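For reference, the chains in residue letters:
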Amino acid sequence: MTKSSWTSAELPSFEGKTVLVTGANSGIGLVAARELARVGARVVLAVRDTHRGATAAATIAGTTEVRALDLADLASVRRFADEWTGALDVLVNNAGIMMPPEGKTKDGFETQIGTNHLGHFALTNLLLPHITDRVVTVASAAHRRGTIDLDDLNWETRAYNRVAAYGQSKLANLLFSLELQRRLTEAGSPVRAHNAHPGWAATNLQSHSGNRLYDGLMNLGNKLYAQDAEAGAAPTLYAASQDLPGASYVGPDGRWELRGNPKLVGRSREARDTELAKKLWTASEELTGVQFPAAAVSGGRSGQN
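So what's going on with the overall build of the chain? Residues and values would help.
The number of helices and strands found in the chain is nine helices and eight strands. A burial count over the chain gives 57% of its 305 residues as buried. Long-range pairs, those at least 24 residues apart, make up 74% of the contacts in the chain with a sequence separation of at least 6. Entry remark: accessible area of the chain is about 12600 Å², with carbon and sulfur atoms responsible for 50%.

Report on the confidence of the model for the chain, specifying residues and quantitative values.
In this model, the chain carries a mean pLDDT of 91, and residues with pLDDT of at least 70 account for 89%. Every residue in residues 300-305 scores below 50 in pLDDT, and together they form 19 contacts with partners more than four places removed in sequence or on other chains.

Describe the sheet that holds strand β7 (residues 249-252), and please don't skip the residues or the numbers.
Either a parallel or an antiparallel arrangement is found when strands of a sheet pair, and the pairing is made through backbone hydrogen bonds. In spatial order, the strands read β3-β2-β1-β4-β5-β6-β7-β8; together these eight strands make up an open sheet with mixed pairing. In the strand order of this sheet, the two ends are held by β3 (63-68) and β8 (262-264), each with one partner. The mean inter-strand angle of the sheet, taken between neighbouring strand axes irrespective of direction, is 20°. Strand direction decides the pairing type here: strand β1 (residues 18-22) and strand β4 (residues 88-93), joined by three bridges, are parallel. Among the inter-strand pairings, Val19 is bridged to a residue of β4, identified as Val90.

Account for helix α8 (residues 274-288), with residues named and values stated.
An ideal rise of 1.5 Å per residue puts 21 Å on 15 residues; α8 measures up with 21 Å between its terminal C-alpha atoms. All of the buried residues along α8 are Leu276, Ala277, Leu280, Trp281, Ala283, Ser284, Glu285 and Thr288. Along its buried surface, α8 packs onto α3 (74-82), α4 (111-127) and α5 (162-186). With a side-chain oxygen positioned 3.1 Å from the backbone nitrogen of Glu275, the residue opening α8 is Asp273. Positioned one or two residues after α8, Gly289 has a phi angle of 75°, which is positive.

Got a sec to walk through the pattern of salt bridges? Specific residues and values, please.
For the coordinates displayed, the defined rule picks out 15 salt bridges. Of the charged contacts in the structure, one is a salt bridge between Glu35 and Arg38, with a shortest N-O distance of 2.9 Å. Taken together, the residues span about one helical turn, with Glu35 and Arg38 both in helix α1 (residues 27-38) at a distance of three residues. Taking relative accessible area as the criterion, Glu35 reaches 10% and is therefore assigned buried. Each of Arg34, Glu35, Arg38 and Glu230 takes part in salt bridges that share partners, so that together they form one network.

Now, about the packing of α1 against helix α7 (residues 229-241): what can you tell me, with residues and values included?
Between α1 and α7, whose axes approach to 8 Å, the crossing angle comes to 65°. Comparing their axes, α7 and α1 come out roughly perpendicular. The interaxial crossing formed by α1 with α7 has right-handed handedness. Every residue of α7 that contacts α1 at Gly27, Ile28, Val31, Ala32, Arg34, Glu35 and Leu36 is listed here: Ala229, Glu230, Gly232, Ala233, Thr236 and Leu237. When its residues are assigned to classes, the contact of α1 with α7 shows seven nonpolar, three polar and three charged.

Outline the nonpolar core, listing residues and values.
One finds Leu127 and Leu180 to be the most contacted residues of the largest nonpolar core, which totals 49 residues. At eight residues, the largest contribution of residues to this core is made by α5. Excluding its chain neighbours within four sequence positions, the residues that come into contact with Leu180 are Thr124, Leu128, Val135, Ala193, Trp281 and Phe292. By size, the runner-up hydrophobic cluster in this structure holds 33 residues, among which are Val19, Ala37, Ala41 and Leu45.

If you had to explain the side chain of Thr137 to someone new, which residues and values would you point to?
Relative to the assigned elements, Thr137 resides in strand β5 (residues 131-138). The exposure class of Thr137 is buried, given its relative accessible area of 1%. Beyond its immediate stretch of four places on either side in the chain, Thr137 contacts Asn93, Asn173, Phe176, Ser177, His194, Asn195 and Ala196.

Describe the pairing of β4, and please don't skip the residues or the numbers.
β4 sits mainly inside the fold: six of its six residues count as buried. Bridging between β4 and β5 involves five bridges; their strand directions are parallel. Of the residues in β5, the one forming a bridge with Leu88 is Ile131. For the crossover that starts at β4, traverses α4 and ends in the parallel β5, the hand is right-handed.

Rules used in this analysis
- Residues numbered from 1 in each chain as written.
- Predicted model: local features only at pLDDT ≥ 70, side-chain atom pairs only at ≥ 80, totals over all residues.
- Heavy atoms only, no water.
- Helix = DSSP H or I, 4+ residues; strand = E, 2+ residues; numbered from the N terminus.
- Buried < 20%, exposed > 50% of the residue type's maximum accessible area, 1.4 Å probe, protein only.
- Contact = heavy atoms within 4.5 Å.
- Areas by Shrake-Rupley, 256 points an atom, 1.4 Å probe, with all protein chains shown as cover.
- pLDDT = per-residue confidence, 0-100.
- Pairing = 2+ DSSP bridges.
- Axes fitted to C-alpha atoms, helices over the stretch in contact; angles between N-to-C directions.
- Expected span 1.5 Å × (residues − 1).
- Polar contact = N/O pair within 3.5 Å; in protein donor to acceptor, adjacent residues only side chain to side chain.
- Salt bridge = Lys/Arg side-chain N within 4 Å of Asp/Glu carboxyl O.
- Parallel < 35°, antiparallel > 145°, perpendicular 65-115°, else oblique.
- Left-handed = near helix turned anticlockwise from the far one by under 90°.
- Nonpolar A, V, L, I, M, F, W, Y, C, P; charged D, E, K, R; others polar.
- Core = buried A, V, L, I, M, F, W, Y, C linked by side-chain atoms within 4.5 Å.
- Right-handed = clockwise from strand over helix to strand, strands pointing away.

So this is what it looks like as structure tokens:
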């Protein structure tokens, strides 16, 4: 595999640009927010807990703002989007949960598909009329262990499997960007949709499964194999700043994409299925009640770096 030398130290100036990062109060979201602010961006941290968000923002040198957003509650997503004014250059769909106990969002969705995919699906489409440059959605190499069951996205008829549910949600992230890019291109918009994944990054994402044995094994894996949050954020920053073709997927360049510097990486056959991406989009519209705003994004402004 070709090795990459790119690091966040090579970020171009974001002076005058506005970037929104979901889940930016810890982990790779916080690192991404910090680095983008460092190069001049006005960074909005969209978080469930604004007190934690304010604490995180206080560690960032630069222009920041903290706003409340709960991706597991479509009313919160709509309220957030309704209150947005002005241009948004880059949307980073970073927030997510990983293999928690079985549960439901406030709208009755399985927690992982609801938070990781449907919440960001709704947020992105509602904000698209404001977006000038790109949407970066954080996926995972775990998408390769997932499959999309369009008849049971919310695990109502299957025996629940938290690992498979996580894989499904991360596969949905990739299919979402694939179809989003198709629609943007068809509408004549210069906005681009990308995905990134952090490899195995040591963050608090792996410690909320509700299973002590699993959490212990993940913590051991973090010590043995993981890279830190700074390195884990690099693919997101690369996707947010570099001149890439639409629907690009960025991950680490190391063995099994566990760690390393960011580069374009491959994806599973199912993640390349354009027909499945269209069907998932339709299902997502039906579940969320949010549609692609074609008229609002056609011929939109370009803010490419």
